[in-house]
Amino acid sequence: MQPKIKIAGDRAILVEFEDRIDPKINAQVRSLAMVLEKARLAGVQEILPAYRTLMVIYDPLEVNYKSLAAKINDGLKEAQNFELPAGKFFRLPTVYGGEFGPDLARVAQITGLLPQDVIRIFSETKFYVYFIGFICGLAYLGGLPEVLRVPRLSTPRTLVPGGSVGLAGGQANAIATDQPSGFNYIGRTFVRLYDPHIFPPVPFAAGDRIQFIAVSAEEALRAQGKWATELL
Amino acid sequence: MKAFQVVNPGILTTIQDLGRWGYMKYGIPRSGAADKFSAQVANWLVGNSSQAALLEITLFRLELLALNNLEIAITGANLLPHLNGQPISMWENVHLKTGDRLVFKGRKSGLRAYLAVRGGFSGPEFLGSRSVFPRGLMGQPLQAGDILEMAEVKDEQKEKRYLPADLIPAYSHKDSLRVILGPQEDRFTPAGIKTFLSSAYRVSAQADRMGYRLEGPKIEHGRGADIISEPIVPGAIQVPGDGLPIILLWDAQVSGGYTKIASVISADLNYLAQVMPGDNLRFKEVDLAEAHEALKKEKALLQEIKKILRNP
C-alpha cells in the first residue's frame, strides 16, 4: 500500500502507512522519521513517529504545505532503502504479585492460568517499543502473547504508582509516574523510567526491546532510582 | 530577588512561558501559556522578551503581596484586579511598592489572566522551559505561602506603556471557531459532519489546560470511534464513542486513539483559551489557505504591537 499524506490541522501533516500494528510497518515509520530528521527540513518543528503513522509539525509561515508534502514524499522513497540501527535491549528487574501487582489474581482468573504462569509468560516476553508518547514518555509496547489478552478494568483506578507494569486489551505498559489507569497491574519496577531533569527524559526509544525480569522485592528495590540505561 | 508572597493561590495559578518545543517525541506536551497573545503582550509591556516566565491566573481569588518595588502588567481575562483595594488598569505597565497587595476579585470576561513582572519570574526550568506541568513532574501550581522569585532588575521603565484600546481583544462576541476537517473525517457519516458544523456545543465543567469536553448533539460515527493510537496536537478535536467532542489544549497527551473530526486553526487557539465552562461554541469549516492567512495576520498584528511597545 502506498502511504497517504494527509492534512492534520493547519500545522501538521500526517503520513499514514498500512492500518495495523506490526513491527514491519512500524519499521517503515521509523525509517521515514530518521530520513526526515537527517534532512533538517526548513520550517519543520517536530517529527513524531507512532505505530503506523508519522506526524510532521511545521511552521506554516516558514514552509508551505505543498512543498513540505513533496519533500516528505521524496523522504518516503529514500526511506525504502534506509537501514535502521539496532535497538537497545533493556532487562528491568520487576517484582510481581502481592502489593506490587494487585491485579495478578484477576489476570490469572480471566486467562485460566496459574498466577506463576502469568508471571512466567509475561516476564519471558521481549516487548518491542513501537513509539514513545501519551504522557511522561510512555512506551507503547508490542508483543504481548495472545493468552494474556484481558480487558481493561471496568472502573479505572484513580491512582496507580509509577513503575507499575501491566496489561490490557492485548497491550502492555509500564507507567513512569503516578497516574489514573484502567490497565491490570501485575508487577512493579523501581528503575526510573522518566526524568524531566535530564535529556533525553526517557531511556527508551522506538525499536528498543524491554523484558520485565521476575525478581524478588529485595532485588527489585536494589535498582531503585537507577536510570534504565545504567542497567544495560 | 523576591517578587511576591502568595497569600491566596486562587483557583489555579501556574508559572508559564511559551512552552517546551521539540519534546513531543518523548511524550512531553508543549504546555506554555494557553493564550499566547496575552502572555506576550504582558511581557512586552514590562520590557521583557516574549519567552519570559509569567503567571497564568485562572479565575479569581489570587492574592499576592509585593516583596519589592516591582513593575508589572496584567493582560488576558478581566478578573477584576485590585491593588490595595482599588481597581487597577489592565494592558499597561503598573508600578508596585513593597507591601502592596494585589487581589483578583472576580470575573468580568475571559478565563485566564496573565501577570508579567519586569525581569521575569525565575521558577525551575525543565527541558528549556519554566512552564509548570504537574502531571509531568515539572513544577506545581502556586500554593499559599510560596515566595515567587524573579530575575534581578536594576532599572525601571519610567514611561507608560499600554496597548491601544482598539487592539485589546474582546472575549465575548466570537461567532465561531474556525476548523480544518480531518484527519479522520471519513470515519463519520455525512450527517455526523453536518451535526458537528451546524450545532452549538456547550463547554462542560470538565475543562482545563489539557482540554475541553463539550456537550451537545451527538456526532455520528460511520465505522467506529477508535483508531490505532497516533500523534495529536493542541487544537485537535477528538470524538470518542459517546459522540461528544473533546478539544485538546496545551497540556494534553501527545498521542491518542480516538477519531479526530477536525482541528481548531492556530489563529483561534488564543481565543479558545479564554472560553468558560457554560459558554457555547460553534465550528466553521475553512481551508488550509484561509487558516494560514489568519495565522499570518495574527503574526503581523503581534509584530505591530511589539513595535508600538518599543520592545528591543
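Every value quoted in this text rests on a predicted model; they were computed, and no experiment measured them. (Residues numbered from 1 in each chain as written. Chains lettered and ligands numbered in written order. Predicted model: local features only at pLDDT ≥ 70, side-chain atom pairs only at ≥ 80, totals over all residues. Heavy atoms only, no water.)

**Q** Residues and numbers for the pairing of strand β9 (residues 164-168) of chain A, please.
**A** Residue and element names in this part refer to chain A. The buried fraction of β9 amounts to five of the five residues, a majority that puts the element mostly inside the structure. In β9, alternate side chains face the same way, and those of S164, G166 and A168 on one face and V165 and L167 on the other are all buried. In terms of strand pairing, β9 meets strand β12 (residues 184-189) through four bridges, oriented antiparallel. In the strand pairing of β12, G166 is matched with Y185. One ladder, built from four bridges, connects β9 with strand β10 (residues 171-174); its direction is antiparallel. By the bridge assignment, V165 is partnered in β10 with A174. (Buried < 20%, exposed > 50% of the residue type's maximum accessible area, 1.4 Å probe, protein only. Helix = DSSP H or I, 4+ residues; strand = E, 2+ residues; numbered from the N terminus. Pairing = 2+ DSSP bridges.)

**Q** Help me get a handle on the confidence of the model for chain B, residues and values and all.
**A** On average, chain B scores 95 in pLDDT, and the residues at 70 or more come to 99%. Scored by ipTM, the complex comes to 0.94, with pTM at 0.93. (pLDDT = per-residue confidence, 0-100.)

**Q** Lay out the domain arrangement of chain A with the relevant residues and their values.
**A** Residues and elements named next belong to chain A. In terms of domain boundaries, chain A breaks down into domain 1 (4-79) and domain 2 (89-231). When each unit is reduced to the centre of its C-alpha atoms, the spacing between domain 1 and domain 2 is 30 Å. Counting residues at the interface gives nine residues for domain 1, matched by eight residues for domain 2. Counting each side, the surface lost to burial between domain 1 and domain 2 is near 710 Å², with a carbon and sulfur contribution of 58%. The three residues of domain 1 that bury the most area against domain 2 are P23, R30 and Y51, which together make up 63% of that side's buried surface. Taken together, the connections running from domain 1 to domain 2 amount to zero salt bridges. The interface formed by domain 1 and domain 2 holds four residue pairs in polar contact (both at pLDDT 80 or more) in total. Here the residues of the side of domain 1 that touches domain 2 sort into six nonpolar, one polar and two charged. (Domains from an automatic or database assignment. Contact = heavy atoms within 4.5 Å. Buried area = accessible area lost by both parts, 1.4 Å probe. Salt bridge = Lys/Arg side-chain N within 4 Å of Asp/Glu carboxyl O. Polar contact = N/O pair within 3.5 Å; in protein donor to acceptor, adjacent residues only side chain to side chain. Nonpolar A, V, L, I, M, F, W, Y, C, P; charged D, E, K, R; others polar.)

**Q** Mind laying out the interface of chain A and chain B, listing which residues take part and the relevant values?
**A** In many analyses, interface size is given as the accessible surface area lost on bringing the parts together. Between chain A and chain B, the contact holds 44 residues from the first and 41 residues from the second. A combined buried area of about 3600 Å² lies between chain A and chain B, and 65% of that area is made up of carbon and sulfur atoms. Of all residues in chain A, the largest losses of buried area upon contact with chain B belong to D10, L61 and F134 of chain A, amounting jointly to 18% of the total for that side. Joining chain A to chain B, the criterion identifies two salt bridges. One salt bridge in this structure joins E37 of chain A and K25 of chain B, with 3.1 Å as the shortest N-O distance.

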